[in-house]
Amino acid sequence: MTRLFVLVATLLAFALPASAAPKVGKIRVLYLDQSVGFVHAPVMPPKASDGPTLSEVAMAEIGARSGAFSVRSTRDAGAITPETLKDIDVLVFYTTGALPIAPATWAAIQDWIRSGRGGFVGLHSATDTGWPYDGPGEPYTAFINGKFAGHPWTEGTPITVQALGDAREPMNQAWPRRFAYAEEIYQYADYEPARVRVLQALDFSDMALKRPWFVPITWTRQIGQGRLFYTNLGHTPATWSDARYRRQIVDAVRWTAGQLPGGAKPNPDEQAVWALRALLAYSGRPSAEIDQRAARLAKADPAWLLAAAARTAALRPLWPMKPDSDRAPFDAAYSALLAEVLAKSEG
């Protein structure tokens, strides 16, 4: 069932990069919050009612109060068709599981984005979504560039979020450069650093729950003439009331619609440095030492740097999931890599 929220909005004009197709007039958003798998609180229907979910109400409020977009919400992916795409500018997914999207429709969505006619925003569990597909373009996991592989940082876990990239980037203004928060955060399989520009990631230097690999939170991707934005934030209902998260959603919609400037050039080298920072933090090094070593590692041979970061990512599948799991494979790979990184970063 589709619920229509018609919102009166006055749009601000922004300079446009050449690759983005400008959207004239009100940005039209289609918000899909269908759960085929786990149902998160922000997308859980009210009990004994077919009323709007918390996030549907929030999306309507965000669009209205910002004056940025109108939004139509649906919990049925089948409502998205090639014809539907003619009447919208941005798709927003807060979804789980194997969505019932026909192959022809998924091919049409990708063509719509690639041509610059549309944009895509993924929220929280949009990376816990996927279905078999072997048609034109990419499967969904490759498209969004990651697949849920657990969340050691469960709801309420204290985390530290660090911005990557230039402090002046238009798409990284909603939150402080570095801040403490409490939120559920995913780690990923099938994540390719060279395909995306990461805007936010975990900084383990002062976190209690550490892992020796890079954990991105928010990223952007250029797909032909179109744009993709994803953030893992949004699990907790309280996050949806946070003015900073609401601004991030507004910025994401405007950016993917071509009304906010900013590129999506991948930053794998910067991600690699943060991957090695994670390794050093996990080893118990103090923050000052991590900063010093990271500055030296940033000047290392780029090929070695990227290879070392890939080795940190390879530690995740080796992680002992249970107290009685065999730690030997993880410990051997971790110790060898740490020794090499320490040697490379000596003063």
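Scroll up to find the structure this text is about.
Draft legend 1. A look at helix α6 (residues 268-282). Taking 1.5 Å per residue, 15 residues should reach 21 Å; α6 reaches 21 Å between its end C-alpha atoms and fits that length. Judged by how many residues are buried, α6 sits mostly within the fold: 11 of 15 residues are covered. For α6, the complete set of buried residues consists of Gln-271, Ala-272, Val-273, Trp-274, Ala-275, Leu-276, Arg-277, Ala-278, Leu-279, Leu-280 and Ala-281. On its buried face, α6 sits against β7 (158-163), β10 (197-202), α7 (287-297), α8 (302-313) and α9 (328-344).

Draft legend 2. Highlighting the environment of Ala-149. By the element assignment, Ala-149 lies in the loop between β6 (147-148) and β7. The class of Ala-149 is partly exposed, set by a relative accessible area of 22%. With 47 residues separating them in the primary sequence, Ala-149 and Val-196 have C-alpha atoms 18 Å apart. The contacts of Ala-149, once residues within four sequence positions are left out, are Gln-187, Tyr-188, Ala-189 and Arg-316.

Draft legend 3. Just empty space enclosed by the protein, in detail. Across all of its chains, the model carries 2 cavities of 30 Å³ or more by this definition. Considered as a void within the structure, the largest cavity measures approximately 50 Å³ in volume. Taken together, Leu-202, Asp-203, Phe-204, Ser-205, Trp-213, Phe-214, Val-215, Trp-274, Arg-277, Ala-278, Ala-281 and Ile-290 make up the full set of residues lining the largest cavity. For the lining of the largest cavity, the element with the highest residue contribution is α6, accounting for 4 residues. The residue inventory of the lining of the largest cavity, partitioned by class, reads 9 nonpolar, 1 polar and 2 charged.

What counts, and where the lines are drawn
Residues numbered from 1 in each chain as written. Predicted model: local features only at pLDDT ≥ 70, side-chain atom pairs only at ≥ 80, totals over all residues. Heavy atoms only, no water. Helix = DSSP H or I, 4+ residues; strand = E, 2+ residues; numbered from the N terminus. Expected span 1.5 Å × (residues − 1). Buried < 20%, exposed > 50% of the residue type's maximum accessible area, 1.4 Å probe, protein only. Contact = heavy atoms within 4.5 Å. 1 Å grid on protein atoms, 1.4 Å probe; cavity = no way out; pocket = protein on both sides within 12 Å on 5 of 7 lines; lining within 4 Å. Points joined across faces, edges and corners; volume = space filled by probe spheres on them. Nonpolar A, V, L, I, M, F, W, Y, C, P; charged D, E, K, R; others polar.

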